[in-house]
Amino acid sequence: MNDALIDELRLRADRLSAQAMDVMFKRPFWLERFGEHGRKNSYQDSSFHMAYLLEALTSDEPEVIRRYATWLRGLLNSHGMCTRHLDDNFEQLQAVISREVASASAAVSMLQEGRNALVYAEGPGRALQLAAPALVRAVLASATSLDADDVADHLSYLADAAELRHTERLVKYVQFMQGAFARRGAAGRERELLQAIAAALETAAPETREAAAKVLAAALAEVTP
Amino acid sequence: MRSLDIDILRSRYLAAQLNGERREALRLIVEEGLDHGIDPAVLRRDIVAAAQLEIGRLWQENRISVADEHMATAISQVVLAYLYQRSKAAKARGHSIVVACVEGELHDLPARLVADALDLEGYDVRFLGANVPTNHLLRALSDKPVDLVVLSVTISFNVPSARAAVTQLRAAHPDLKIAVGGGAARFAPDLCRQLGSDLVASDADTLIAAVNGLWSSK
C-alpha cells in the first residue's frame, strides 16, 4: 500500500535525515555539548531513524519504531542526552518529510508512533512529561531572558531522572549548562532557570510537584552557593 | 549445581571477560564448571550466552566501550571452541543445515552458539559466520544444497537484510526450510509472517526445539 512512499523515502533517506539534523544543529548547544564527534554520531543516528521508519512502514508494524524509540532513548540517555532530544529529532524528520515528500502521511504517522512511545507509561517521569508544555509557558512568562529549548530540555532531563530514580546524568547536565552559560557571559543563568522551574512547579498539580521534588533538589544543590 | 552457584559463576566469568583475563575465564569454565559436573550445554546457555546479554546491556548503558565488548566477546569465542571440543555429539540425524548471520550482521556469537548446539544435536552444520552477503549465501547453497538455513539477526536494523535473504532463498530454493533466529525476533513481533520464514526464535533453545520438531514426525 505504501510502496511508492517507501521507495521514495528509501531513495532520499540520507538527504532527508541530514536536513532534519541541520535544523537541530542550528542550536549551539549541540556542538558545545557533544563536539564534532557528537555531530557525526547524530547525523548517523538520524539515518538510522530513517532505516527503522522504512522497516516499520515495510512491515506495516508500528511496534518496530516504538521499540526502537524506547531502546534508543535508553542508549542516548546513557550518553548524556534527554528524551526530548530524540523526540525533537523525530519531530524534525516529520517536518522535513511532510514538506519534501508528497503523500507522506503514513510516514509522519509512523514517526508519531515513535514519539508517542517516548512518553513514559506511568510514574513520576510521565507526570513531568505531561506537565512540561504548561511548565515551559509558565517559566518563560516569568523569566523572559530564558530560551524555550533550554527550559524544555531541563524539564526533560528532570523527567528522565525522576523516572530512572537517579540524578547522576541530570547533575552532569546542570554542571555542563553552568559552564556553558558562563562561557556565553551569562553566569548565574542556570540558577535562574532552575529557580524559575521551581517557582512554576509551586502552582502545578500535586503529583507533578511530588514527581519533581527530589530531582529538582539535586539540580538546585549544584547551583546553590 | 544450584542456580545461585550458576549466578555466582556467571558473575565471576563476566568479571574475567571484562578484565581481559582469557585464561581465568577458561579456568572458571573448566575447573568450576565442567569439573563440577555441569553439562557443557548449561555452561553455553547459562554462563556464556547469559554473560553476553549482560555485556550488551553494559554497552547500552555506556558502562563499557566497544573495545571492551569486543575483547569480552573474543574470550567467549575461545571458551565456546573449548566447550564444543568437550561436548559429546548425538548420533547423526541425516539432515544438513547452514547457519549464517545476514548481510550487515556482525554479531556472530549468538549464531555460533546455535551452530554448535545444532551440530551437537546430530545435524551436519556449516557455519558461515558474520555478515554473509546474500548472493554469497545463495552461491554456498547452490554448491552444496541443505535442508535448512538458519539466518541470524541480532539487531533489528538488519531485519531488511533478513527479508532480502529469505525472499531470494525462496526464489532459488522453493523447498528449502528457513529459520530466522536472534535478538531481532524480540524486537519485531510477528517476524515470521513478515519475513515469510518457516521458523522464528529469539533464543537458541527455542530454535533448536523447533528445528528438531521439523523432522521429528518423519
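Residues numbered from 1 in each chain as written. Chains lettered and ligands numbered in written order. Predicted model: local features only at pLDDT ≥ 70, side-chain atom pairs only at ≥ 80, totals over all residues. Heavy atoms only, no water.

Residues and elements named next belong to chain B. The domains assigned to chain B are domain 1 (3–85) and domain 2 (96–216). For domain 1 versus domain 2, the separation of C-alpha centres amounts to 24 Å. Each side of the interface is counted separately: domain 1 has twelve residues, and domain 2 has nine residues. Between domain 1 and domain 2, a total of about 1000 Å² is buried, with carbon and sulfur atoms accounting for 61% of that surface. Looking only at domain 1, the three residues that lose the most surface to domain 2 are R44, Q77 and Y84, adding up to 52% of its buried area. Between D205 and R45 there is a salt bridge; the shortest N-O distance is 3.2 Å. Between the two partners, domain 1 and domain 2, sit four residue pairs in polar contact (both at pLDDT 80 or more). (Domains from an automatic or database assignment. Contact = heavy atoms within 4.5 Å. Buried area = accessible area lost by both parts, 1.4 Å probe. Salt bridge = Lys/Arg side-chain N within 4 Å of Asp/Glu carboxyl O. Polar contact = N/O pair within 3.5 Å; in protein donor to acceptor, adjacent residues only side chain to side chain.)

The subject of this paragraph is the domain arrangement of chain A. A common way to report how large an interface is uses the accessible area buried once the components associate. Residues and elements named next belong to chain A. Structurally, chain A comprises domain 1 (3–117) and domain 2 (124–220). Between domain 1 and domain 2, the C-alpha centre-to-centre distance is 25 Å. Residue-level contacts link 13 residues of domain 1 with 17 residues of domain 2. Of the roughly 1300 Å² buried between domain 1 and domain 2, counting both surfaces, carbon and sulfur atoms make up 44%. Contact with domain 2 buries surface across domain 1, with E32, R33 and R84 losing the most and accounting together for 42% of the total. Summed over the shared surface of domain 1 and domain 2, the result is six salt bridges. On the surface where domain 1 and domain 2 come into contact, there are ten residue pairs in polar contact (both at pLDDT 80 or more). Classifying every residue of the side of domain 1 that touches domain 2 gives three nonpolar, five polar and five charged. (Nonpolar A, V, L, I, M, F, W, Y, C, P; charged D, E, K, R; others polar.)

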